[in-house]
Amino acid sequence: MVRLSDLHPEEAEHMLQRAEGLRRREFDFDATSWITPAPLAESTIALITTAALHRRDDIPFRFADTGFRQIPDDIDRNDLVQSHISVNFDRTHYQRDLNVVLPLDRMHELADAGEIDGVSPMHFSILGATDAFMLEPSAAEMAERMHNLGVNTALLVPV
Amino acid sequence: MPFPLGRPLGVADNPDFQRDVLRSALELLESATEPTIVDYPHEAPEGEGVWACAIELPTPEVSELEASLRREIDLLMPRYEEARRRRGRTTLGMSGAKPEEIDAVVSFAIAVAEGSGFEEIPKSASGPEWIHPMPMLVRFVVEDLRAFYQESVASDNGAAPPSQHDMHAWIFEQTALGRLIKQIAQLISDDHDPRLLFVRGLLIPEGFWEGGPTFGGPPPGEDPREFLIRSRRYLRGQEA
């Protein structure tokens, strides 16, 4: 996460307001039991990007969209576009290298080296500018789909 | 990760650094025994020197916005096509227009900047299958143009890679595209529909709008939450 001091003051204030909004919701971490993950060498990992990436013929993310889109692991990289609404984040590196927001190549390198067991055949994308609590139904559906794909670990890659 | 927003893996075209970021995150799965936050200890490597655009664009003429914009696009097109060929991809297409339909993207943006309004798709912009409702489509049309410009100049050989701030400064201070975006933003400001100010905030990054903060707010007396709800319906195309 970027340092607040590196943001324009208006953007920093917006971030602080969002954080305060989440604090007021009083999410109870203790209500959810801690799950001991599988060892990395036994982990099959799916990526979840908050960059609102989707295929060109997908329905794009709408303002405050709470849904998700699927990204096949073997997707043609030119078939991916982005409908994230914010103009306040850096797209220059993503435009040069998709791995900056969706590290497909890096994940396969870790799998080829035996550091992880495998990479999911499907990855997932959400619009990070959405109220996080409103994403809960999508999170449950993504988890079920991952489970059905044999995925035992999800890596959230927040932009 | 102390990287700019939009760069969770830190830096483009640096597999070693990206792998280290990934490993650091994944290793928490084996070491953490409760919800844990750990700071990544390294800054993203930056290129040497200061980025400067390697192509000189003519000074945009105030009275000829469309001609200036089309001239810039003609000048940038060979660089865009080369970057696209080299990378095997382009991020242009957020509006629904295909990369080959950039003429229609320009026609759309020019029409809006010249006052066609924020309710109807400009008649001069026929062809592409636009995939967003108005007025949010304006934001994605502009973003397609911004992507075209950035992809064209962001990897000039021998130049330090630009930051997003470099790109914004270049676009808003030196290009006809920047003037076009500001012209659209001024029309939004003059429209007096507070819901539209969301679109202005999604067109112009903070710090590049002379009038102050780019986003507006609810009109006096309206509950902020109610305002947000009706703005959301409007921006999703569910309410005129």
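Residues numbered from 1 in each chain as written. Chains lettered and ligands numbered in written order. Predicted model: local features only at pLDDT ≥ 70, side-chain atom pairs only at ≥ 80, totals over all residues.

Draft legend 1. Focus on the overall build of chain A. Assigned secondary structure in chain A consists of four helices and seven strands. The secondary structure elements of chain A, listed N-terminal to C-terminal, are α-β-β-β-β-α-α-β-β-α-β. Scaling as 2.2 N^0.38, a compact globule of 159 residues should have a C-alpha radius of gyration of about 15 Å, and chain A matches this with 17 Å. C-alpha atoms of chain A, sized along the principal axes, occupy 45 × 40 × 30 Å. For chain A, the proportion of its 159 residues judged to be buried stands at 39%. Residue pairs in contact within chain A that sit at least 24 positions apart in sequence constitute 80% of those at least 6 positions apart. (Helix = DSSP H or I, 4+ residues; strand = E, 2+ residues; numbered from the N terminus. Rg over C-alpha atoms; globule rule 2.2 N^0.38 Å. Buried ≥ 20, exposed ≤ 12 C-beta atoms within 10 Å, placed from the backbone. Contact = placed C-beta atoms within 7 Å.)

Draft legend 2. Fine view of the pairing of strand β3 (residues 69-72) of chain A. Residue and element names in this part refer to chain A. On β3, burial follows the alternation: Arg69 and Ile71 on one face are buried, whereas Gln70 and Pro72 on the facing-out side are not. Summarising the sheet, β3 and strand β6 (residues 122-125) pair through four bridges and their orientation is antiparallel. Bridge pairing links Arg69 to Ser125 in β6. (Pairing = 2+ DSSP bridges.)

Draft legend 3. Region of the structure containing the interface of chain A and chain B. Between chain A and chain B, the contact holds 46 residues from the first and 53 residues from the second. Contributing elements (two or more residues each) for the side of chain A that touches chain B: α1 (9-25), β4 (80-82), α2 (92-96), α3 (104-112) and β7 (153-157) of chain A. Take the side of chain A that touches chain B: its biggest share by element is five residues, from α2(A). Here the side of chain A that touches chain B is composed, by residue class, of 23 nonpolar, ten polar and 13 charged. (Nonpolar A, V, L, I, M, F, W, Y, C, P; charged D, E, K, R; others polar.)

Draft legend 4. Broad picture of the environment of B:Val153. Residue and element names in this part refer to chain B. Inspection of the secondary structure assignment puts Val153 in helix α4 (residues 136-153). Note on Val153: 25 C-beta atoms within 10 Å, which makes it buried. Separated by 70 residues in sequence, Val153 and Ala83 place their C-alpha atoms 8.6 Å apart. Ignoring sequence-local partners within four residues, the contact set of Val153 consists of Cys53, Ile55 and Arg79.

Draft legend 5. Seen up close, the packing of helix α2 (residues 65-87) of chain B against helix α6 (residues 176-191) of chain B. Residues and elements named next belong to chain B. It is the contact of α2 with α6, at a shortest axis distance of 8 Å, that shows an interaxial angle of 135°. By the criterion of interaxial angle, the relationship of α2 to α6 is oblique. As for the relative orientation of α2 and α6, their crossing is left-handed in sense. Along its contact with α2, which presents Leu65, Ser68, Leu69 and Glu72, the element α6 presents Ala176, Leu177, Arg179 and Leu180. Here the contact of α2 with α6 is composed, by residue class, of five nonpolar, one polar and two charged. (Axes fitted to C-alpha atoms, helices over the stretch in contact; angles between N-to-C directions. Parallel < 35°, antiparallel > 145°, perpendicular 65-115°, else oblique. Left-handed = near helix turned anticlockwise from the far one by under 90°.)

Draft legend 6. Inspection of the packing of α2(B) against α4(B) at higher detail. Residue and element names in this part refer to chain B. The interhelical angle for the contact between α2 and α4, taken along N-to-C directions, is 75°, at an axis separation of 8 Å. By the criterion of interaxial angle, the relationship of α2 to α4 is roughly perpendicular. Where α2 approaches α4, its residues Leu76, Arg79, Tyr80, Ala83 and Arg84 are matched on the opposing element by Phe148, Tyr149, Glu151, Ser152 and Val153. Considering only residue class, the contact of α2 with α4 consists of six nonpolar, one polar and three charged.

Draft legend 7. Seen up close, the pairing of β6(A). Relative to β6(A), strand β1 (residues 44-49) of chain A is paired through two bridges, and the arrangement is parallel. Residue pairing for β6(A): A:Thr49 is matched across the bridge by A:Ser125.

Draft legend 8. Molecular detail of the nonpolar core. Residue and element names in this part refer to chain B. Counting residues in each nonpolar core, the largest one holds 92 residues, and the members touching the most others are Ala109, Val141, Ile184 and Leu203. When residues of this core are assigned to their parent elements, the largest contribution, eleven residues, is made by α4. Looking at which domains feed residues into this core, each of domain 1 (1-45) and domain 2 (65-235) supplies at least three. Ignoring sequence-local partners within four residues, the contact set of Ala109 consists of Val141, Val142, Leu145 and Leu180. (Core = buried A, V, L, I, M, F, W, Y, C linked by C-beta atoms within 7 Å. Domains from an automatic or database assignment.)

Draft legend 9. Up close: the domain arrangement of chain B. Under the domain assignment used here, chain B contains domain 1 (1-45) and domain 2 (65-235). Computed over C-alpha atoms only, the centres of domain 1 of chain B and domain 2 of chain B are separated by 31 Å.

Draft legend 10. View of α6(B). Residue and element names in this part refer to chain B. When the terminal C-alpha atoms of α6 are compared, their 23 Å separation across 16 residues agrees well with the 22 Å that a helix rising 1.5 Å per residue should span. Here the buried face of α6 lies against α2, α3 (102-113), α4, α5 (164-174) and α7 (197-203). Of the residues trailing α6, His192 is marked for its positive phi of about 65°. (Expected span 1.5 Å × (residues − 1).)

Draft legend 11. Up close: the confidence of the model for chain B. Scored by pLDDT, chain B has a mean of 92; 97% of the residues are at 70 or more. At the level of chain-chain contacts, confidence expressed as ipTM amounts to 0.92, with global pTM at 0.92. (pLDDT = per-residue confidence, 0-100.)

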